[in-house]
Amino acid sequence: MHSTTTTSWSQSLGAHARAHPLALAGLGVAVLGLLALWAQGGVLPAGQNHQFVAWALLGGTAGLVATTVGALPAMLFGSLQQKTEDVMLGLAAGMMLAAAAFSLLLPGIAAGRELTGNAGLGAGLVVLGMALGVLLMLGLDAFTPHEHDSSGPCGPGYARCNRVWLFVFAVAIHNLPEGMAVGVAFAQGDLGVGLPLATAIALQDIPEGLAVAMTLRSIGTPACKAVGIAALGGLLEPLGALVGISLVGSSALAYPVGLGLAAGAMLFVVSHEVIPETHRNGHQTAATLGLMAGFALMMVLDTTLG
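Trainee: Kindly report on the pattern of salt bridges, identifying the contributing residues and their values.
Mentor: Under the counting rule described, the total for this entry stands at one salt bridge. Residues Glu-277 and Arg-280 are paired through a salt bridge, measuring 2.8 Å at the closest nitrogen-oxygen approach. Note on Glu-277: relative accessible area 14%, which makes it buried.

The structure is reproduced here in structure tokens:
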């Protein structure tokens, strides 16, 4: 029986790969790019920079705590008005967009320009990283079985996964690039880059955690289990932070590329998943206003903390 299940899963994965050759090729390119960054970055910062690793881990842990805190109201309420959920997700999307722009792309371009002595080449390093981030997320989205409340299940072998686990994988796909962004932002020890980004991501994790827990409640998941699953998805934040800082290490060359990679991954999630999710239920205007408010809030945070 076990052998049959294994064979069936392998066949499903193989068929999915044949149906999505470009996504598979892109994932392969992204993995090679990540390995190259790891080699260039020296895996983790040198001994004198271990403080940066601690900062990155604390920033990622803040995201985990915020996700859990955001999910806690699901213990008291069994449902959330769809309009309220869309506004909250719009707020989170706006903060992610602003974080990508102000705390990742602009510092990446500045670092690239300083490294190369040329504005165009510096921006090119960031664009290279963005491309790797987008290819990574395209591959993960295509080859990870997961489910969203509105769009339904997708990915190879999703029929063999419990529906709750499909939601866990969906949350993990969202949280991984956020954690990586925090790790990359702290890699050079610049609190003016890392602190606003970590703060913004933690703040937007609160409504995101609540939305996840409420979605789980809506499919019949008990309250305690729904909160626990939301927290489990949040574990990808500190783990992603360690991955992000290890990609860059103490390398000046890997830093602008890593910032671009994190920004590309976050922009992909916002455009491909979060914004469409908020526009499926007839509350586009309210969700857009939430997005603008989130963008403005993050802009103020970046100016204040940066």
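Trainee: Account for the environment of Thr-144, with residues named and values stated.
Mentor: Mapped onto the secondary structure, Thr-144 falls in the loop between helix H5 (119–143) and strand S1 (146–148). Spatially, the C-alpha atom of Thr-144 lies 8.9 Å from that of Leu-166, the residues being 22 residues apart in sequence.

Trainee: Describe in detail the nonpolar core, supporting the description with residues and values.
Mentor: If you look at soluble globular proteins, the nonpolar side chains tend to sit buried side by side. Of all hydrophobic cores here, the largest spans 61 residues; its most connected members are Leu-104, Ala-181, Leu-197, Met-266 and Met-298. Counting residues in hydrophobic clusters, the runner-up holds 16 residues, among them Ala-74, Met-88, Phe-167 and Val-171.

Trainee: Describe the packing of helix H3 (residues 50–71) against helix H7 (residues 191–218), listing the residues and the values that go with them.
Mentor: Their axes nearest at 6 Å, the elements H3 and H7 cross at an angle of 25°. It follows from the interaxial angle that H3 and H7 lie roughly parallel. When you trace H3 past H7, the crossing you get is right-handed. Residue-level inspection shows Trp-55, Gly-59, Ala-62, Gly-63, Ala-66, Thr-67, Gly-70 and Ala-71 of H3 in contact with H7, the latter providing Leu-191, Ala-198, Ala-202, Asp-205, Ile-206, Gly-209, Leu-210 and Ala-213. A per-class count over the contact of H3 with H7 returns 10 nonpolar, five polar and one charged.

Trainee: Can you tell me about helix H4 (residues 82–116), naming the residues and giving the values?
Mentor: Between its terminal C-alpha atoms H4 stretches 48 Å, which fits the 51 Å expected from 35 residues at 1.5 Å a residue. Remark: the principal bend of H4, roughly 30°, maps to Ala-100. Residue Gly-117 follows H4 closely and has a positive phi angle near 75°.

Trainee: Describe the side chain of Thr-67, naming the residues involved and giving the relevant values.
Mentor: Position of Thr-67 among the secondary structure elements: in helix H3. In this structure Thr-67 comes out as buried when scored by relative accessible area, which is 4%. In terms of polar contacts, Thr-67 uses its side chain to reach the backbone carbonyl oxygen of Gly-63, at 2.8 Å. When near neighbours in sequence (up to four residues on either side) are disregarded, Thr-67 contacts Asp-205, Gly-209, Ala-230 and Gly-234.

Basis of the calculations
- Residues numbered from 1 in each chain as written.
- Predicted model: local features only at pLDDT ≥ 70, side-chain atom pairs only at ≥ 80, totals over all residues.
- Heavy atoms only, no water.
- Salt bridge = Lys/Arg side-chain N within 4 Å of Asp/Glu carboxyl O.
- Buried < 20%, exposed > 50% of the residue type's maximum accessible area, 1.4 Å probe, protein only.
- Helix = DSSP H or I, 4+ residues; strand = E, 2+ residues; numbered from the N terminus.
- Core = buried A, V, L, I, M, F, W, Y, C linked by side-chain atoms within 4.5 Å.
- Axes fitted to C-alpha atoms, helices over the stretch in contact; angles between N-to-C directions.
- Parallel < 35°, antiparallel > 145°, perpendicular 65-115°, else oblique.
- Left-handed = near helix turned anticlockwise from the far one by under 90°.
- Contact = heavy atoms within 4.5 Å.
- Nonpolar A, V, L, I, M, F, W, Y, C, P; charged D, E, K, R; others polar.
- Expected span 1.5 Å × (residues − 1).
- Bend = angle between axes of the 7 residues up to and from the residue.
- Polar contact = N/O pair within 3.5 Å; in protein donor to acceptor, adjacent residues only side chain to side chain.

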